[in-house]
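Close look at the chain arrangement
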Amino acid sequence: MPGLRRNWLAVTLLLAGLMLRVLAQIAYRPALFYIDSTRYLYHADGNDPVGYRLPLKIILFFGRLNEVAVVQHLLGLAMAVALYAILLRRGCPRWLAALAIAPVLLDAYQLQIEQTIMPDVWFEALIVGGITVLLWRPRPGLWATAAAGLALGASATVRQVGEILVLPAIGYLLVVAGGWRRRAALAAVLGVAFAIPILGYSSLSYALTGHFWLSHSGATTTYGRMASAADCATLRLPADERNLCPTPRQQAAGPDQLEHSPGSPLRPYYRQLPSGEASRLVAGFNRQVLTQQPLNVLRGAGRDALKLFALTRTGSRGDPPIDRWQFQRRYPLYWPHASRQVIVMAGRNFGGGGPAVARPVAVFLRGYQLGGGYTPGPLLAVAALAGLIGSASLARRRWSAQPAALACFLFFAVAVAVLVVSDLFEFSWRYQLPALVTLPPTGALGIAAIVSAVRTSRGGGGMGGHG
């Protein structure tokens, strides 16, 4: 078939991604569980929004836990197809577009999270869906803008950091929409559509719990970052907030432990005080650190942001353990939230049986992952640099209408927004996964924009079409 021959590299990568996903499905049954998995299956408390419960309920109405993993693997493949299509439409040659989708298809950390009862794949898919709709035509119409706003807004009901996506989306519309009247109209449509899922979720939360919010995180979400950055020797605090300053030993444990460890300075406050009063004091402490020592906070977040671009995937002291996102030879258990008893009960309630491992396949997947089956950090750094240059080319009026440069700007802005805001709270390799669906396409579009601009300046052609 001519289509298969023209797209042979993308098809080959897609088949390889499919084979790896079949192996993941065989290796771990009924699916992988993480510490937070049961709060999405049941009505347990937690910090993040629980919009993931909706697709879970729909899938489990028709199928079992195994089918949840199947659907999530299919979402991974669908994201690759959507990204490939939009890259071709925006002027990338076929070989470059195919290389840009290799990370989401082949990265073992992506495979592992797709096999896990967690919302991250849905967050990625909503990002890709919103971007694809916005970029499908050179200038999106009202209906496309509304659809993109709904998708991007819905991402915030899955992971609250999705709230930031309204900014790059509106920024893109302001660049591409044309006259100011049309720009204002499209920005307003996107803003309203973006707010609808968030307001709907918050209204339902109010009806069920009496609180109009996306999540219960409150001040504790930022406490870990602030406490890990604080120089308590020079920090001026009210007496009732002083005990929130960690000891050097507590500080060395990092933001994750400062938020969640039983030994955190937070715990006595929430044990001894009403929750509202404790949250008020924690918010005050966070505010004092941020206003008095902002450079400390930025340095901590900046160091974490650079970890994405490291050559190898390793865990640093104070980070959530990286092995949580790695395939294991045995079925991984997390007491008490994802113990064997909890998973057996979930298997009985939702179908799929207790935890089981096909050990030879699991050993292969672990060897693949630890042996280099992930996207190297330097490659992501090159993609980010190319995206920055490609986006900056829009400042040149003669290049401002380039389809690749305009798309590059949106992908790059989304990547920066999601990754930087995540790192401002806490570094986790799980929170870096959106890089796989944003930075490689950013790099491909940036390269296409740079080459096209250079050849245009010299009076030559483009990159040789899609061949």
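Residues numbered from 1 in each chain as written. Predicted model: local features only at pLDDT ≥ 70, side-chain atom pairs only at ≥ 80, totals over all residues. Heavy atoms only, no water.

Glancing now at the state of the cysteines. Inspection of the entire model under this criterion finds one disulfide. The disulfide partner of Cys232 is Cys245, and the S-S distance across this bridge is 2.2 Å. On the sign convention where negative means left-handed, the S-S torsion of about -100 degrees between Cys232 and Cys245 marks this disulfide as left-handed. A residue pair is termed long-range when its members are at least 10 positions apart, and Cys232 in the loop between α12 (220–229) and α13 (248–252) and Cys245 in the loop between α12 and α13 qualify at 13 residues. For the residue pair Cys232 and Cys245, the accessibility class agrees, reading buried in each case. The thiol of Cys92 is unpaired, and the distance to the nearest cysteine sulfur, on Cys408, comes to 9.0 Å. (Disulfide = S-S within 2.5 Å. Helix = DSSP H or I, 4+ residues; strand = E, 2+ residues; numbered from the N terminus. Buried < 20%, exposed > 50% of the residue type's maximum accessible area, 1.4 Å probe, protein only.)

On to a nonpolar patch on the surface, then. Taken together, the side chains of Leu295, Leu298, Val416, Val420, Leu424 and Phe425 make up a nonpolar region of the molecular surface, amounting to roughly 500 Å² of accessible area. Going through the elements one at a time, α17 (294–306) and α21 (403–425) are the ones with two or more residues in the nonpolar patch. In terms of residue count, α21 provides more of the nonpolar patch than any other element does, four residues in total. Along the polypeptide, Leu424 turns up in helix α21. The partly exposed category is assigned to Leu424, whose relative accessible area is 35%. (Patch = residues over 30% accessible without salt bridge, like charges linked within 9 Å, V, L, I, M, F, W, Y side chains within 5 Å. Areas by Shrake-Rupley, 256 points an atom, 1.4 Å probe, with all protein chains shown as cover. Salt bridge = Lys/Arg side-chain N within 4 Å of Asp/Glu carboxyl O.)

Per the stated rule, a full pass over the model turns up two cavities of 30 Å³ or more. In terms of lining, the largest cavity is formed by 13 residues, of which the most central are Leu32, Gln112, Arg324, Pro332 and Tyr334. Its residues assigned to classes, the lining of the largest cavity comprises eight nonpolar, four polar and one charged. Roughly 40 Å³ of volume is contained in the second largest cavity. Forming the walls of the second largest cavity are Leu308, Arg313, Trp429, Gln432, Leu433 and Leu436. Of the residues in the lining of the second largest cavity, the class split is four nonpolar, one polar and one charged. (1 Å grid on protein atoms, 1.4 Å probe; cavity = no way out; pocket = protein on both sides within 12 Å on 5 of 7 lines; lining within 4 Å. Points joined across faces, edges and corners; volume = space filled by probe spheres on them. Nonpolar A, V, L, I, M, F, W, Y, C, P; charged D, E, K, R; others polar.)

If you look at the biggest cluster of nonpolar residues, it comprises 112 residues, and the most contacted ones within it are Phe33, Leu41 and Ile117. Those residues in contact with Phe33 that lie beyond four places of it in its chain are Thr38, Leu41, Leu65, Thr116, Ile117, Tyr331, Tyr334, Ala338, Ile343 and Ala346. (Core = buried A, V, L, I, M, F, W, Y, C linked by side-chain atoms within 4.5 Å. Contact = heavy atoms within 4.5 Å.)

A few words on the environment of Ala346. Residue position: Ala346 is located in helix α18 (residues 340–350). Expressed as a C-alpha distance, the spacing of Ala346 and Tyr42, which sit 304 residues apart in the sequence, is 9.4 Å. The contacts of Ala346, once residues within four sequence positions are left out, are Phe33, Leu41, Tyr42, Leu65 and Gly351.

Running from N to C, helix α8 (residues 120–135) and α21 point in directions that differ by 155 degrees, and their axes come no closer than 11 Å. Taken together, α8 and α21 sit at an angle that is classed as roughly antiparallel. Remark: the crossing between α8 and α21 carries right-handed chirality. From α8, Phe123, Ile127, Ile131, Leu134 and Leu135 reach across to α21, where they touch Ala407, Leu410, Phe411, Val414 and Val418. Class assignment for the residues of the contact of α8 with α21 results in ten nonpolar, no polar and no charged. (Axes fitted to C-alpha atoms, helices over the stretch in contact; angles between N-to-C directions. Parallel < 35°, antiparallel > 145°, perpendicular 65-115°, else oblique. Left-handed = near helix turned anticlockwise from the far one by under 90°.)

Another aspect to go through is the pattern of salt bridges. Where charged atoms of side chains with opposite charge meet at close range, the side chains can pair. Taken as a whole and judged by the stated rule, the model has eight salt bridges. One salt bridge in this structure joins Asp120 and Arg430, with 2.9 Å as the shortest N-O distance. Of this pair, Asp120 sits in helix α8 while Arg430 sits in the loop between α21 and α22 (435–457), and the two are 310 residues apart along the sequence. In this structure, Asp120 and Arg430 share a single accessibility class: buried. Note that Glu277 is salt-bridged to Arg280, the shortest N-O span being 2.7 Å. In this pair, Glu277 and Arg280 are both assigned in helix α16 (residues 275–292), three residues apart and thus about one turn of the helix distant. The class of Glu277 is partly exposed, set by a relative accessible area of 31%. What you see here is one network of salt bridges that share partners, running through Arg225, Asp304, Lys307 and Asp319.

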